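# Coordinate inspection notes
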Amino acid sequence: GESVGLHLPTLSVQEGDNSIINCAYSNSASDYFIWYKQESGKGPQFIIDIRSNMDKRQGQRVTVLLNKTVKHLSLQIAATQPGDSAVYFCAEKTYSGGSNYKLTFGKGTLLTVNP
Amino acid sequence: SQTIHQWPATLVQPVGSPLSLECTVEGTSNPNLYWYRQAAGRGLQLLFYSVGIGQISSEVPQNLSASRPQDRQFILSSKKLLLSDSGFYLCAWSVPREGKLFFGSGTQLSVL
């Protein structure tokens, strides 16, 4: 079946470095993708999203890149800070018939920022 | 602005006991509502979603059920909890036809 997965389950970086978290998706019909950040014991928080008609979108210290050719999504965090330590999930919008859809989440990557 | 409330934050229940988790959304009308479960250190599994009052879609067969008695109220229930029902339960809402989900703060359920 269609799925969204992550290349790396854990990522450890030094404070101030840039972080790159990767995600692969298999449903070529997906037209919308989201990155979420989840801190321990809390619900996921929206970080940034991108539609399939775009290749890149920037936010505050974050950039999402979409490569539809290889079905790959990445989240770049600039100047990573200790507060960025969390699990990061990618999600794709998949359709289940008509206008019904759902978000399918990847397994998540644990980002640890070392001071 | 829209807010989502989920309670309780933590719950410890014995095996075989009933369950009722409640979620309410404020500041929006006719939202899509969702229940997800997250096992420790794992991803999010969609359990139920609802596009309107009384309309429930189940994603996986399980020991749980969901109900939507009011437009902005979503309830997750079980008649008899199993050990395998332990996990972090998350309620979420979205604007219909939009993909972005907004999550509640979650309920950590431990079945002992």
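Refer to the structure presented above.
Going along each chain's sequence as written, the residues are numbered from 1 onward. Whichever chain is written first becomes A and whichever ligand is written first becomes 1, with later ones labelled in order. It should be noted that, the model being predicted, local features are given only for residues of pLDDT at least 70 and side-chain atom pairs only at 80 or more, the latter also being counted only at that level, while totals for whole chains, interfaces and linings use all residues. Excluded from the side-chain calculation are hydrogens and water; included are all heavy atoms of the structure.

### Overview of the overall build of chain A
Per the convention used, a helix needs a DSSP run of H or I reaching at least four residues, while a strand needs a run of E reaching at least two, with both numbered from the N terminus. Along the backbone of chain A there are zero helices and 11 strands. In sequence order, chain A lays out its α and β elements as β-β-β-β-β-β-β-β-β-β-β. Note on classification: 1.4 Å probe, protein chains only; a residue is buried when its accessible area is under 20% of the maximum for its type, exposed when over 50%, partly exposed between these limits. Looking at chain A residue by residue over its 115 residues, the buried ones come to 43%. Whether two residues are in contact is decided by their heavy atoms: any pair within 4.5 Å suffices. By sequence separation, contacts in chain A at least 24 residues apart represent 52% of the contacts at least 6 residues apart. We get accessible surface area from the Shrake-Rupley algorithm with a probe of 1.4 Å; when it comes to residues, only the shown protein chains can shield them. A total of about 5700 Å² of accessible surface is found on chain A, and carbon and sulfur atoms cover 47% of it.

### Description of the overall build of chain B
A count of helical and extended segments in chain B gives zero helices and 11 strands. N-terminal to C-terminal, the α/β element order of chain B is β-β-β-β-β-β-β-β-β-β-β. Principal axes of the C-alpha set define a box for chain B whose edges measure 35 × 25 × 20 Å. The buried share of chain B, taken over its 112 residues, is 46%. Considering only contacts in chain B between residues 6 or more positions apart, those separated by 24 or more positions represent 55%. Counting only carbon and sulfur atoms, one obtains 52% of the accessible surface of chain B, whose full area is about 5300 Å². Positive and negative side-chain charges of chain B, numbering 8 and 6 respectively, have mean locations separated by a distance of 5 Å. A positive count includes Lys and Arg, and a negative count includes Asp and Glu. His and the chain ends are not counted in either. We put the charge of a Lys on NZ, of an Arg on CZ, of an Asp on CG and of a Glu on CD.

### Considering the pattern of salt bridges
Residues and elements named next belong to chain A. Think of a salt bridge as a Lys or Arg side-chain nitrogen and an Asp or Glu carboxyl oxygen that are within 4 Å of each other. Scanning the model with the defined rule gives six salt bridges over all chains in all. Asp 49 is the salt-bridge partner of Arg 57, the closest N and O atoms lying 2.2 Å from each other. Here Arg 57 falls in the partly exposed class, since its relative accessible area comes to 36%. Given a relative accessible area of 9%, Asp 49 falls into the buried group. One salt bridge in this structure joins Asp 84 and Arg 61, with 2.9 Å as the shortest N-O distance.

### Some details on the sheet that holds strand β3 (residues 19–26) of chain B
All names here are of chain B. The criterion for strand pairing is that DSSP finds at least two bridges linking the strands in question. Strands sit in the order β1-β3-β8-β7 across an open sheet of four strands; the sheet is antiparallel. Single-partner strands in this sheet number two, and they are β1 (3–7) and β7 (65–70). Across this sheet, the average inter-strand angle for adjacent strands is 20 degrees, counted without regard to direction. Alignment of β1 against β3, held across five bridges, turns out to be antiparallel. Bridge assignment links Ile 4 to a residue of β3, and that residue is Val 25. Angles shown run from 0 to 180 degrees and are taken between the N-to-C directions of axes, each axis being a line fitted to C-alpha atoms and, for helices, limited to the stretch in contact.

### A short note on the interface of chain A and chain B
Across the boundary between the two partners, chain A contributes 20 residues, which contact 23 residues of chain B. Elements supplying a minimum of two residues to the side of chain A that touches chain B: β4 (32–38), β5 (45–51), β9 (86–95) and β10 (101–105) of chain A. Here the term charged refers only to Asp, Glu, Lys and Arg, the term nonpolar to Ala, Val, Leu, Ile, Met, Phe, Trp, Tyr, Cys and Pro, and the term polar to all other amino acids, Gly among them. Along the lines of polarity and charge, the residues of the side of chain A that touches chain B split into nine nonpolar, six polar and five charged.

### What to know about the environment of B:Lys100
Assignment of secondary structure puts B:Lys100 in the loop between β9 (87–94) and β10 (102–103). Accessibility expressed as a relative area gives 23% for B:Lys100, which makes it partly exposed. When the C-alpha atoms of B:Lys100 and B:His5 are compared, they prove to be 17 Å apart, with 95 residues separating the residues in sequence. Beyond its immediate stretch of four places on either side in the chain, B:Lys100 contacts A:Tyr32, A:Ile34, A:Tyr36, A:Phe46, A:Asp49, B:Trp93 and B:Ser94.

### Some thoughts on the state of the cysteines
All names here are of chain A. Note on terminology: disulfide denotes any pair of cysteine sulfur atoms within 2.5 Å. Enumeration according to the criterion identifies two disulfides over all chains in this entry. Each disulfide pairs two cysteine sulfurs, and for Cys 23 the partner residue is Cys 90, the sulfurs being separated by 1.8 Å. Taking the torsion about the sulfur-sulfur bond, which here is approximately 55 degrees, the covalent link between Cys 23 and Cys 90 counts as right-handed. Residue Cys 23 is found in strand β3 (residues 19–25), and its partner Cys 90 is found in strand β9; the two are separated by 67 residues along the sequence.

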